[in-house]
Protein chains: 2
Amino acid sequence: MSLTLYELTGKDDRRFSPYCWRIRMALAHKGLAADFVAVHFTDKDTIAFSGQGKVPVLVDGATTVSDSFEIACHLDDNHADRPALFGNEIARGEARLINHWTNSVLHALIQPLVIDDIYQHLAEADRAYFLETRSPRFDRPFDQVQARRETDVVALRSALTPLRLTLAEQPYLAGGTPAFADYIVLGAFQWARSISPFKLLEDDDPVRAWRDRVLSAFGRAGYATTAYDA
Amino acid sequence: MSLTLYELTGKDDRRFSPYCWRIRMALAHKGLAADFVAVHFTDKDTIAFSGQGKVPVLVDGATTVSDSFEIACHLDDNHADRPALFGNEIARGEARLINHWTNSVLHALIQPLVIDDIYQHLAEADRAYFLETRSPRFDRPFDQVQARRETDVVALRSALTPLRLTLAEQPYLAGGTPAFADYIVLGAFQWARSISPFKLLEDDDPVRAWRDRVLSAFGRAGYATTAYDA
């Protein structure tokens, strides 16, 4: 049974999608080897077979699945003999809440801090698309938004309080071992790290120690692609 | 095997502790009957046998447990034949993150909106204690803090975005049926409802519909004590 993950790339093969990273880590967690196919934002033709226009797309034998959360559910349902990403319906349900907190709170706080770094690491062909779709979210040009990041990062670090309190009680967000909840949140930091030298997390932040533990898991799966030492 | 829950009360028997409500709901979820013993903030002697000074305290046969999350773990471990509050280690781990998000984000946004209502519903004997311990969190008197709630409630409603996105995909925070993650968050709303007529949630908010579904579960367990129709 062959697995193929279609994932976003920038210039110099920067694999910077937070959603795609969730699935890279989920595959590593399951011990499932996969082929990785790099896709640009504007390269919609490559994934048109999936019936929609966004990565990640996973092809698992005869099955095609898109949307990172749906892919994780597919992997747990169809590779149940491997280590669990959720393991029961309650863990799956709770992970949806962690998913939406990450997407709506964490991503919104990180994006302005690295928005120009993302732009600078895009393939030429993707720049117009990115400008057109992301600029309306901001009231000034990307470089001017990002210029305030030394100040703006404070709000991000403050929003991480629930993570810190959790990590004071257990080594991973999912408990004693990492699971999909960890990869959801890790994706946000990997997004930034893949395209930006800006340090989101201070050296002594327990969230940083957790991030590095998860990056190092499964034979250092989180370090498999080009990124900054941020 | 007899169960006794020691829980916080105010004047007129208002059971307003968010942490105690989590356990009331957890007991109902498990179908476990319990005796409820009302305790005032300053009535430390009644729970001194627990070796610490805070409610909830659960006495389950020969075992005494304090801290709401620990009590939930105890109930799942020791009444595993009843419906699960977590059911596996991943669900328990993820619930710790939801626990800390609720305690540090949600509670902090709700408290100023109802702080004077809490004070007004305390037993006389508890008022000095409450003033002394809670006043340092605010830069002005309780009634002046609360006076801004029509404006301040906007930040609370905004912070509920992850809940709304989750509830668009599943009826409960824990998935298809409610579990401890739901009772953690419900406790925050029950805290307010028990002592304040102020409407935290607008009529058409899906979070309100969810709240009312959870309050109505298990024979309307959430409506068992005096509260406002807020």
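Now for a description of the structure that goes with this document. (Residues numbered from 1 in each chain as written. Chains lettered and ligands numbered in written order. Predicted model: local features only at pLDDT ≥ 70, side-chain atom pairs only at ≥ 80, totals over all residues. Heavy atoms only, no water.)

**Regarding the overall build of chain A**
For clarity, the threshold we go by: The helix and strand labels rest on DSSP assignments: H or I over at least four residues marks a helix, E over at least two residues marks a strand, and numbering proceeds from the N terminus. Relative accessible area decides the class of each residue, using a 1.4 Å probe on protein chains only: under 20% of the type maximum gives buried, over 50% gives exposed, and in between gives partly exposed. Residues are treated as being in contact if the distance between any of their heavy atoms lies within 4.5 Å. Every accessible area reported is derived by Shrake-Rupley at a probe size of 1.4 Å, with residue values counting cover from the shown protein chains alone.
Secondary structure assignment for chain A yields nine helices and four strands. Along the chain direction, N to C, the helices and strands of chain A fall in the order β-α-β-β-β-α-α-α-α-α-α-α-α. Each principal axis of the C-alpha atoms in chain A carries an extent, and together these give about 50 × 45 × 30 Å. The buried share of chain A, taken over its 230 residues, is 57%. In chain A, 69% of the contacts between residues at least 6 apart in sequence involve partners at least 24 apart. Here chain A displays about 9300 Å² of accessible surface, and carbon together with sulfur accounts for 49% of that area.

**Digging into the relation of the copies chain A and chain B**
We apply this condition: A least-squares fit on C-alpha atoms brings the copies together, and the residues used are those whose pLDDT is at least 70 in both copies.
When chain A is fitted to chain B, the residual RMSD is 0.0 Å, and the transformation amounts to a turn of 180 degrees plus an axial shift of 0.0 Å. The transformation just described matches what one would write down for a two-fold rotation axis. Taking the C-alpha atom as reference, chain A places Ala91 of chain A closest to the rotation axis, 2.0 Å from it. Residue by residue, 100% of the interface of chain A is reproduced at the interface of chain B, so both copies engage with the same surface.

**Considerations on the packing of aromatic side chains**
Here a ring pair, both rings aromatic, is described through the centre-centre distance and the interplanar angle of the planes. This is how the line gets drawn: Only Phe, Tyr and Trp rings take part, Trp by its six-membered ring, and two of them pair if their centres are within 6.5 Å. Stacked means planes under 30 degrees apart, edge-to-face means over 60, and tilted covers everything else. Two conditions define a charge located above a ring, namely a distance within 6 Å from the ring centre to NZ of Lys or CZ of Arg, and an angle within 35 degrees of the ring normal.
Applying the stated criterion to the full structure yields 24 aromatic pairs over all chains. Seen in terms of ring centroids, Phe69 of chain A and Phe86 of chain A are 5.4 Å apart; in terms of plane orientation they differ by 35 degrees. Their pairing is tilted. Residue Phe69 of chain A is found in helix H2 (residues 68-78), and its partner Phe86 of chain A is found in the loop between H2 and helix H3 (89-120); the two are separated by 17 residues along the sequence. Consider the rings of Phe41 of chain B and Phe130 of chain B, whose centres lie 5.9 Å apart with planes at 40 degrees: the pair is tilted. With Phe41 of chain B in the loop between strand S2 (35-39) and strand S3 (57-60) and Phe130 of chain B in helix H4 (residues 127-134), this residue pair connects regions lying 89 residues apart in the sequence. Relative accessible area serves as the criterion here: at 2%, Phe130 of chain B is assigned to the buried category. An aromatic cluster of at least three residues, connected via ring pairs, comprises Phe16, Phe41, Tyr119, Tyr129, Phe130, Phe138 and Phe142 of chain A. Above the face of the Phe36 of chain A ring, Arg24 of chain A is positioned so that its terminal group lies 3.8 Å from the ring centre. Sitting over the face of the ring of Tyr172 of chain A, Arg213 of chain A holds its NZ or CZ atom 5.4 Å from the ring centroid.

**Observations regarding the interface of chain A and chain B**
Where interface size is given, it is often the accessible area lost as the parts come together that is meant. Using the following cut-off: The buried area of a pairing is the accessible area, by a 1.4 Å probe, that goes missing from both parts when the two are put together, added over both. A pairing counts as a salt bridge when a side-chain nitrogen of Lys or Arg comes within 4 Å of a carboxyl oxygen of Asp or Glu.
Contacts between chain A and chain B engage 30 residues on the former and 30 residues on the latter. For the pair chain A and chain B, the summed buried surface comes to about 2400 Å²; carbon and sulfur atoms form 63% of the total. Applying the counting rule to chain A against chain B returns two salt bridges. With a closest N to O distance of 3.5 Å, Arg96 of chain B and Glu169 of chain A form a salt bridge.

**Focus: the sheet that holds strand S1 (residues 3-8) of chain B**
All names here are of chain B. Selection criterion: One bridge is not enough; two strands pair if DSSP finds at least two bridges between them. A fitted line through C-alpha atoms serves as each axis, taken over the contacting stretch for helices, and the angle formed by two N-to-C directions is quoted from 0 to 180°.
The four strands lie next to each other as S2-S1-S3-S4, forming an open sheet whose pairing is mixed. Only two strands of the sheet have a single partner each, and these edge strands are S2 and strand S4 (63-66). Pairs of neighbouring strands in the sheet enclose a mean axial angle of 20 degrees, with direction left out of account. Where S1 lies against S3, four bridges are found, and the strand directions are antiparallel. Pairing of Leu5 across the sheet is with Leu58, part of S3. Packed on one face of the sheet, helix H1 (residues 18-30) meets S1, S2 and S3 and runs near 150 degrees to S1. Its contacts with the sheet place helix H2 (residues 68-78) against S3 and S4, and it is angled at close to 140 degrees to S4.

**Points about the sheet that holds strand S4 (residues 63-66) of chain A**
Residues and elements named next belong to chain A. Read from one edge of the open sheet, four strands run S2-S1-S3-S4, paired in mixed fashion. Only two strands of the sheet have a single neighbouring strand rather than two, namely strand S2 (35-39) and S4. Put simply, the sheet's adjacent strands are angled 20 degrees from each other on average, direction ignored. Relative to S2, strand S1 (residues 3-8) runs parallel, the two sharing five bridges. By the bridge assignment for S2, Glu7 is matched with Ala38. Of the strands in this sheet, S1, S2 and strand S3 (57-60) are in contact with helix H1 (residues 18-30), which crosses S1 at around 150 degrees. Strand contacts of H2: S3 and S4, with the helix running at about 140 degrees to S4, the strand carrying the most contacts.

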